[in-house]
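Architecture at a glance
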Amino acid sequence: MQTSLASQYRNTPEGEVAERVLRACVHCGFCLATCPTYQVLGSELDSPRGRIYLMKQVFEGATPTAKTQLHLDRCLTCRACETTCPSGVEYGRLLDAGRAVVEQAVGRSAGEAVKRSALKRGLSNPALFNTALKLGQTARGLLPGFLKDKVPAADPAGTWPAPRHARKMLVLEGCVQPAIKPGINAATARVLDRLGVSLVADAQAGCCGALAHHLNDHSDALAAMRRNIDAWLPHLDAGVEAIVMTASGCGVMVKDYGWQLRHDPVYAEKAARIAAATKDISEVLVAERDVLLRLVPNAISPAPRVAWHPPCTLQHGQQLGGDIEALLVACGFELTPVADKHLCCGSAGTYSILQPEIAGELKTRKLASLAAGQPEVIATANIGCLTHLQSGSHVPVRHWVELLDAALAGQLN
Ligand code: SF4
Ligand code: SF4
């Protein structure tokens, strides 16, 4: 698309991104077919092409309005449109730039600003979130239904093997995951321990920065990234093989640290090094596939029927579609057919709280697809999807590594 940037955006980081991405879009509309908000709302302005057009107008000098902001807010950042686009349009980069300039021009109402700030502080602070969750779990029986659904029942972690191997990997503990599902990282540690790798964590690291990033607070997001880089670099220097992500929403963010800090003279190189060392747990286990298959019992019988939900941050954000399904099947699980796997479940970070109607509709549609094959369990790879889907499902929703851990321990059936 021919683009002529307004003078105020020339030679700015946002303007540079906008010019490059806008030029790549040929306006073909192929992306509309796979956009969840277009499917739910049916309006061009809630499609990738419509949003690209809105952002083009802004970067060419039009004054953004609250309506412009609403259409950008309604985007899930699922990036299904990137996977579909034949021209390689980096929609996610453009959206980040567009949201930043629109927010600066339009602002937020006082109520909206308080809500967004509370979400950012509450969810990205593990101590605060843990306390709030424990209070909610204690009073769970007294909560109204809609709130009870948002408070998951307590779930014990199980043992985390003490470090004993020469091979070591580092794990990002995460902000909400250790409180809601501490068993996910413990299961990962047990699986890796069987493969001869000790999994360790660094308490100085914290939220990956994704929460602040998606709420448009770039300075808080960059501060979180620098803190994690400072915590992790000494481990890489000491020989840790990889930084392992068990939540694909965090993984997509940490793999982007190099880009996010590219203009920082002190951190650019360090951030690129951290990003290069970061791996989703599926990448680690696919690389260890042969050893893993020798450890899994020959026959998991009867094979549990699993409906697999690939998070957008895994299949679109990290382009890691298909590997986990293949590994689960090779390990003996039976995967049920699921339609429209490419579509978002509506969780999308804080989206399910900020856009509850669209998120609720997407959850209903996703659960119907997942339930169609009558699974005994739904498996996924991101804590946000897991809790969002579980809040509407009687079928248990688990992290796929927990299933693998149970299979290795002979505790599946
Ligand atoms: S983003 Fe890609 S698929 Fe969508 S209109 Fe532009 S070129 Fe076509
Ligand atoms: S990121 Fe997802 S919701 Fe946003 S425009 Fe692309 S496909 Fe639609």
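Let us look at the structure shown here. (Residues numbered from 1 in each chain as written. Chains lettered and ligands numbered in written order. Predicted model: local features only at pLDDT ≥ 70, side-chain atom pairs only at ≥ 80, totals over all residues.)

1. Focus: the overall build of the protein chain
The secondary structure content of the protein chain amounts to 24 helices and eight strands. Rg of the C-alpha trace for the protein chain: 21 Å, near the compact-globule value of 22 Å for 413 residues, within the 12% margin. Relative to its 413 residues, the protein chain shows a buried fraction of 43%. In the protein chain, once contacts between residues fewer than 6 apart in sequence are set aside, the share between residues at least 24 apart is 74%. (Helix = DSSP H or I, 4+ residues; strand = E, 2+ residues; numbered from the N terminus. Rg over C-alpha atoms; globule rule 2.2 N^0.38 Å. Buried ≥ 20, exposed ≤ 12 C-beta atoms within 10 Å, placed from the backbone. Contact = placed C-beta atoms within 7 Å.)

2. Notes on unusual backbone geometry
Here Arg79, not a glycine, exhibits a phi torsion of approximately 65°, which is positive. Considering the arrangement of structural elements, one finds Arg79 in the loop between α4 (66–73) and α5 (80–84). Taking the C-beta count within 10 Å as the criterion, Arg79 has 24 such neighbours and is therefore assigned buried. Even without being a glycine, Gln374 presents a positive backbone phi close to 50°.

3. As for the site of ligand 1
The local shell around ligand 1 holds 15 residues, among which Cys25, Cys28, Cys31, Cys85 and Val89 are the closest. Top contributing element to the shell around ligand 1 by residue count: helix α3 (residues 48–59), with three residues. In terms of residue class, the shell around ligand 1 is made up of eleven nonpolar, three polar and one charged. (Near = placed C-beta within 6 Å. Nonpolar A, V, L, I, M, F, W, Y, C, P; charged D, E, K, R; others polar.)

4. Digging into the sheet that holds strand β7 (residues 377–380)
One open sheet accounts for four strands, arranged β6-β5-β7-β8; its pairing is parallel. Each edge of the open sheet is held by one strand with a lone partner, namely β6 (334–335) and β8 (397–399). When strand β5 (residues 305–308) meets β7, the two strands line up parallel, connected through three bridges. Paired with Trp308 across the strands is Ala379, a residue of β7. Sitting on the sheet, helix α24 (residues 400–408) touches β5, β7 and β8, and the angle it makes with β8 is about 80°. (Pairing = 2+ DSSP bridges. Axes fitted to C-alpha atoms, helices over the stretch in contact; angles between N-to-C directions.)

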